Amino acid sequence: MKGSLFLAIFTGLYFWFFAGAPGYTLHYVFKQPIVVALPIGLILGDVKTAMMVGAAIEMVYVGIVAAGANLPADECLAGVIAIPIALQIGVDPSTAVVLAVPFGVLGVFLDQLRRTINASFIHKADKLALEGDIKGITKCALIYPMAIGFIMRFPPVFVANLFGAKVVENFLNVMPEWIIHGLNVTGGVLPALGFAITVFVIGEKTLMPFFFLGFFAVKYLEINTMASAIFGICIALLITLMRREERQEISTDIKPDEKNNMIDKENLLTKKDVVRSYNRWYLSCEISNSYERMQALAFCYSILPILKKLYKKKEDLSAALVRHLNFFNTQGIWGTPVHGVTIAMEEAKAKGEDIPESAITGIKTGLMGPLAGIGDTVDWGTWKPLIFSLAASFSAGGSIAGFFICFLFAIITYFEGYYLWNKGYSLGTNAVTTLLQSGFVKELITGSSILGLFMMGSLSANIVKLDIPIEFMMAGKMTTIQSILDSILPGMLPLLAVLSIYWYLKNKGQNFGKIVFIILAACMLGSLVGIF
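Residues numbered from 1 in each chain as written. Predicted model: local features only at pLDDT ≥ 70, side-chain atom pairs only at ≥ 80, totals over all residues. Heavy atoms only, no water.

Topic: the packing of aromatic side chains
For the structure shown, the criterion picks out 29 aromatic pairs. Here the aromatic rings of tryptophan 380 and phenylalanine 409 are separated by 5.4 Å at their centres, their planes lie at 55°, and the arrangement is tilted. Placement of tryptophan 380 in helix H17 (residues 357-395) and of phenylalanine 409 in helix H19 (residues 407-427) is noted, with a sequence separation of 29 residues between them. Note on tryptophan 380: relative accessible area 11%, which makes it buried. Since its relative accessible area comes to 0%, phenylalanine 409 is described here as buried. Each residue in the set Phe10, Tyr14, Trp16, Phe17, Phe18, Phe30, Phe150, Phe154, Phe158, Phe403, Phe404 and Phe407 is aromatic and connected to the rest through ring pairs, giving one cluster. The ring of phenylalanine 299 has lysine 364 lying over it, and the distance from NZ or CZ to the ring centre is 3.9 Å. (Phe/Tyr/Trp six-rings, centres within 6.5 Å; stacked < 30°, edge-to-face > 60°. Helix = DSSP H or I, 4+ residues; strand = E, 2+ residues; numbered from the N terminus. Buried < 20%, exposed > 50% of the residue type's maximum accessible area, 1.4 Å probe, protein only. Lys NZ or Arg CZ within 6 Å of the ring centre and 35° of its normal.)

Here we look at unusual backbone geometry
Not every positive phi belongs to a glycine, and alanine 21 is a case in point at roughly 75°. As for its position among the elements, alanine 21 is in the loop between helix H1 (4-19) and helix H2 (26-30). According to the relative accessible area criterion, alanine 21 is buried, its value standing at 2%.

A closer look at the packing of H1 against helix H5 (residues 75-89)
At a closest axis distance of 9 Å, the pairing of H1 and H5 adopts a crossing angle of 160°. Here H5 runs roughly antiparallel to H1, going by the angle between their axes. Between H1 and H5 lies a crossing whose hand is right-handed. Between H1 and H5, the residues in contact are Leu7, Thr11, Tyr14 and Phe15 and Cys76, Leu77, Val80, Pro84 and Gln88, respectively. Of the residues in the contact of H1 with H5, the class split is seven nonpolar, two polar and no charged. (Axes fitted to C-alpha atoms, helices over the stretch in contact; angles between N-to-C directions. Parallel < 35°, antiparallel > 145°, perpendicular 65-115°, else oblique. Left-handed = near helix turned anticlockwise from the far one by under 90°. Contact = heavy atoms within 4.5 Å. Nonpolar A, V, L, I, M, F, W, Y, C, P; charged D, E, K, R; others polar.)

What about the pairing of strand E2 (residues 477-480)?
Across four bridges, the pairing between strand E1 (residues 471-474) and E2 is antiparallel. Across the sheet, phenylalanine 472 pairs through a bridge with threonine 479, a residue of E2. (Pairing = 2+ DSSP bridges.)

Digging into a positive patch on the surface
On the surface, Lys124, Lys127, Lys135, Lys139, Lys272, Arg276, Lys308 and Lys312 cluster together to form a positively charged patch. Counting only elements with at least two residues in the positive patch, the list comes to helix H6 (93-131), helix H7 (134-173) and helix H12 (271-284). Here lysine 127 shows up in helix H6. (Patch = residues over 30% accessible without salt bridge, like charges linked within 9 Å, V, L, I, M, F, W, Y side chains within 5 Å. Areas by Shrake-Rupley, 256 points an atom, 1.4 Å probe, with all protein chains shown as cover. Salt bridge = Lys/Arg side-chain N within 4 Å of Asp/Glu carboxyl O. Lys, Arg positive; Asp, Glu negative; His and termini not counted. Charge placed at Lys NZ, Arg CZ, Asp CG, Glu CD.)

Overview of the nonpolar core
If you look at the biggest cluster of nonpolar residues, it comprises 157 residues, and the most contacted ones within it are Tyr61, Val80, Ile83, Leu297 and Met455. Here valine 80 is in contact with Thr11, Tyr14, Phe15, Val36, Ile40, Val157 and Asn161, once residues within four sequence places are set aside. (Core = buried A, V, L, I, M, F, W, Y, C linked by side-chain atoms within 4.5 Å.)

Quick look at H12
For H12, spanning 14 residues, the distance from its first C-alpha to its last is 20 Å, which sits close to the expected 20 Å at 1.5 Å a residue. The set of residues buried in H12 consists of Asp273, Val274, Val275, Ser277, Tyr278, Arg280, Trp281, Tyr282 and Ser284. (Expected span 1.5 Å × (residues − 1).)

Here's the deal with the environment of methionine 294
With respect to the element layout, methionine 294 can be found in the loop between H12 and helix H13 (296-302). Owing to a relative accessible area of 9%, methionine 294 belongs among the buried residues under this scheme. C-alpha of methionine 294 to C-alpha of isoleucine 197: the two residues are 97 residues apart in sequence and 25 Å apart in space.

Describing the pattern of salt bridges
The final tally for this structure, using the stated rule, is six salt bridges. The partner of lysine 309 in a salt bridge is aspartate 273, with the nearest N and O atoms 2.6 Å apart. Of this pair, lysine 309 sits in helix H14 (residues 304-310) while aspartate 273 is found in helix H12, placing the two residues 36 residues apart along the sequence. For arginine 323, the salt bridge identified is with glutamate 357, shortest N-O distance 3.1 Å.

A closer look at the confidence of the model for the protein chain
Caution applies to low-pLDDT regions: their predicted coordinates should not be interpreted in detail. Of the residues in the protein chain, 90% have a pLDDT of 70 or more, and the chain-wide mean is 85. Mean pLDDT per element in the protein chain: helix H20 (residues 431-437) is the minimum at 57, and helix H3 (residues 33-44) is the maximum at 96. Across residues 246-265 the pLDDT falls below 50, and counting only partners more than four positions away or on other chains, this stretch makes 24 contacts in the model. (pLDDT = per-residue confidence, 0-100.)

With respect to helix H10 (residues 209-221)
Over its 13 residues, H10 extends 17 Å from the first C-alpha to the last, a length consistent with the 18 Å expected when each residue adds 1.5 Å. Residues Phe210, Phe211, Gly214, Phe215, Ala217 and Val218 constitute the buried set of H10. Each buried residue of H10 lies within a common arc of 155° when the element is viewed along its axis, so the set occupies one face. Within H10, the exposed residues directed more than 90 degrees away from the buried face are Pro209 and Leu221. One or two steps after H10, the chain reaches glutamate 222, where phi turns positive at roughly 55°. (Arc of directions from axis to C-beta.)

Concerning the environment of serine 460
Turning to its location among the elements, serine 460 is positioned in helix H21 (residues 440-463). A relative accessible area of 0% places serine 460 in the buried class. Sequence separation of serine 460 and phenylalanine 158 is 302 residues, and the distance between their C-alpha atoms is 35 Å. The residues contacting serine 460, other than those within four sequence positions of it, are Phe195, Phe211, Phe215 and Val498.

As for the side chain of serine 458
Assignment of secondary structure puts serine 458 in helix H21. The exposure class assigned to serine 458 is buried, which follows from its relative accessible area of 1%. Of the polar contacts made by the side chain of serine 458, one reaches the backbone oxygen of methionine 455; its length is 3.0 Å. Dropping the residues within four chain positions of it, serine 458 is found in contact with Gly214, Phe215, Val218 and Ser228. (Polar contact = N/O pair within 3.5 Å; in protein donor to acceptor, adjacent residues only side chain to side chain.)

Details of the side chain of glutamate 75
Mapped onto the elements of the fold, glutamate 75 is located in helix H5. Buried charged residue glutamate 75 carries no salt bridge. Nearest counter-charge: lysine 31, at 4.5 Å. Those residues within four positions of glutamate 75 in sequence are excluded, and the remaining contacts are Tyr28, Lys31, Gln32, Pro33 and Tyr61.

What follows is the structure, given as structure tokens:
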């Protein structure tokens, strides 16, 4: 097919670069199928269909969270292969969704391989730290992981898009009609998995009525996605304000015994130094992530210029580099007060204050876990599915609006991290206590959870498709089982699909592959016997 070589090269390079994780949440936006779809649509000359396919695939992965850096599926690999194939052979979005899932699973193995290989770079960095070699550590944090990533990621995507369309087309041509229909049914049900995962991640039983409120608002009032978002925001704000407890006013005055927590920064570090270190963290947070020490190399890389500025003696610099190559893992945005506090403590130590190394490492290891839990809830459990599902719903009809909406996730989270990083530095060891005692975090989690559940309900009603079109005579008129079900409860089957998956996640475990297999098997069986 004309242009297939260029397409294969482009998609291979795209997957290599953005799966390499440059930019903590920015790279994640570029990995989304709905974002991948636009350039592929431009290359193949069918932007509308590309956006429709991308939106359909997006809905499957919208609720998936890589808890503890364990990637359950790779939506980027699914998108860069399934979208081009779907456009070239002319399958509908529902079938494209089914084609995407196996590639998403394959991406998990590639990610596991790169995290395993990255462990070798942290050991190399250990030796370089003893020598005070900042340039060498930079290469370990950025250059080497990206170079190895090219070898792992480019070839499979290049080959799949150069030869895959014809293979898939021939395969579909010999398939029985019931299998083709079964794939379409599966594609309509699979988005229920994404919504169920999101509801599970939010995990607030007392807030579940907001999910049903969103679902039935769509079914009975027939409101669109934008109206759902507006109603959801108003409800979330109203409930949050009603639940708000009077916050304890925190004095801005510095008491005598708190002065050691506030660092005088007149002579050592500037605002520019601190902001630069945040940008380095945001860029590199996941590039060198390894199973052995997770984000340790990225943490060290982010503060390299600061350590170099603070410690003029080689032995002092080496000691600082070594202590910041210890194990570290947190959520990349809400965990940033740890970095700010660490910088403040390093500055105080460089000025001669009696701060032992154990105090610095203790702060890091003690705070990274609790803050990661907050970040996973707010950013990955709420902002991500809310924004991406909203984007997918806008592009389900072929609009490019969803492409731009996705970038709200990167913008919001970048400035969250910017604020928290600088807050951690300015308040020193008081930073996390101040943040948690203010009550802001609790209100943010409650409000975002309400909005998230309401939107998951409304989107489930709009996106998940499942019906029983069996016809029969009743009272001398032809009717269908589906029409009877709708008269009892509109959207009964889609709602049952989401709730069944939610029940499985809660009671049987979070096995993504197994759930997909069960959905596929049930839809295929239903198609075979003529139920669906």
